[in-house]
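Read off the chains here:
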Amino acid sequence: MNLKLIIALAFVPMGLFAQQKVTLQECWEGAREQLPVLQNNQSLVKLDSLEQLILKSNYLPQLNAKAQATWQSDLTSVDIPIPTITIDEPSKEQYKVYVEINQMIWDGGRTKALRANSELKTQLSKAEVDESFYAIKQRVSSLYFALMLSQQQMQITNELINTLDKKLAEIEAGVKQGVIREAGKYVLEAEKLQ
């Protein structure tokens, strides 16, 4: 019971003891704001928007630049003399540089399916977080109503004590006048202590 009271006090603002009215909805909202598990919804939305942006980039053209350099240790050479033609020995170094541009024309709906899958994963994660909040919401509700019940019991007890104090004052006056025996006074005092 002590742990439940501490948890209830953590969710209920301290102003409640000054007769400030707190609704159950406010307690639920306070629990939603305080629990880190429930703050994952914001990060899930951000993550989904980033994934959607990455998947949209599949439709954009892709530019690839490549370069290659080689050095040949042995070269083939032509040792046949040809009049009027001179064949120079090729260089041992060779360089290649090229650029590719790829544009997707059709992917068979793959990107659209991946985007839908990503969105469904996010919705499923949100549903799991909401489900975990449902259990917390039930616990907050039970603590809220237990706290309301204890406040009502305290109010009833205070009213009973006030009634017993008034009766006790009447009986004490009757005992002083000699109309009522003193045993009746002790019975009411015992009732008040209970």
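The structure this text deals with has already been given above.
Remember, it's a predicted structure, so these values are computed and weren't measured experimentally.

Here is what the cut-offs are and how they apply
- Residues numbered from 1 in each chain as written.
- Predicted model: local features only at pLDDT ≥ 70, side-chain atom pairs only at ≥ 80, totals over all residues.
- Heavy atoms only, no water.
- Phe/Tyr/Trp six-rings, centres within 6.5 Å; stacked < 30°, edge-to-face > 60°.
- Buried < 20%, exposed > 50% of the residue type's maximum accessible area, 1.4 Å probe, protein only.
- Lys NZ or Arg CZ within 6 Å of the ring centre and 35° of its normal.
- Patch = residues over 30% accessible without salt bridge, like charges linked within 9 Å, V, L, I, M, F, W, Y side chains within 5 Å.
- Areas by Shrake-Rupley, 256 points an atom, 1.4 Å probe, with all protein chains shown as cover.
- Salt bridge = Lys/Arg side-chain N within 4 Å of Asp/Glu carboxyl O.
- Helix = DSSP H or I, 4+ residues; strand = E, 2+ residues; numbered from the N terminus.
- Axes fitted to C-alpha atoms, helices over the stretch in contact; angles between N-to-C directions.
- Parallel < 35°, antiparallel > 145°, perpendicular 65-115°, else oblique.
- Left-handed = near helix turned anticlockwise from the far one by under 90°.
- Contact = heavy atoms within 4.5 Å.
- Nonpolar A, V, L, I, M, F, W, Y, C, P; charged D, E, K, R; others polar.

(A) Main features of the packing of aromatic side chains. Under the defined criterion, the tally for this structure stands at one aromatic pair. For the pair Tyr144 and Phe145, a centre-to-centre distance of 5.5 Å together with 80 degrees between the ring planes defines the contact as edge-to-face. For Phe145, a relative accessible area of 48% gives the class partly exposed. Across the ring face of Trp28, the terminal group of Lys137 is positioned such that the distance to the ring centre comes to 4.2 Å.

(B) Structural view of a nonpolar patch on the surface. On the surface, Ile80, Ile82, Ile85 and Ile87 cluster together into a nonpolar patch covering about 390 Å² of accessible area. By secondary structure assignment, the location of Ile87 is in the loop between β1 (62-71) and β2 (93-102). Taking relative accessible area as the criterion, Ile87 reaches 52% and is therefore assigned exposed.

(C) Structural view of the packing of helix α2 (residues 24-34) against helix α4 (residues 110-177). As a packed pair, α2 and α4 sit with axes 10 Å apart at the nearest point and diverge in direction by 135 degrees. Between α2 and α4, the interaxial angle falls into the category oblique. Where α2 crosses over α4, the handedness of that crossing is right-handed. Where α2 abuts α4, its residues Leu24, Cys27, Trp28, Ala31 and Arg32 lie against Asp130, Phe133, Ile136, Lys137, Val140, Ser141, Tyr144 and Phe145. Counted by class, the contact of α2 with α4 contains nine nonpolar, one polar and three charged residues.

The values are spatial; any link to function lies outside them.
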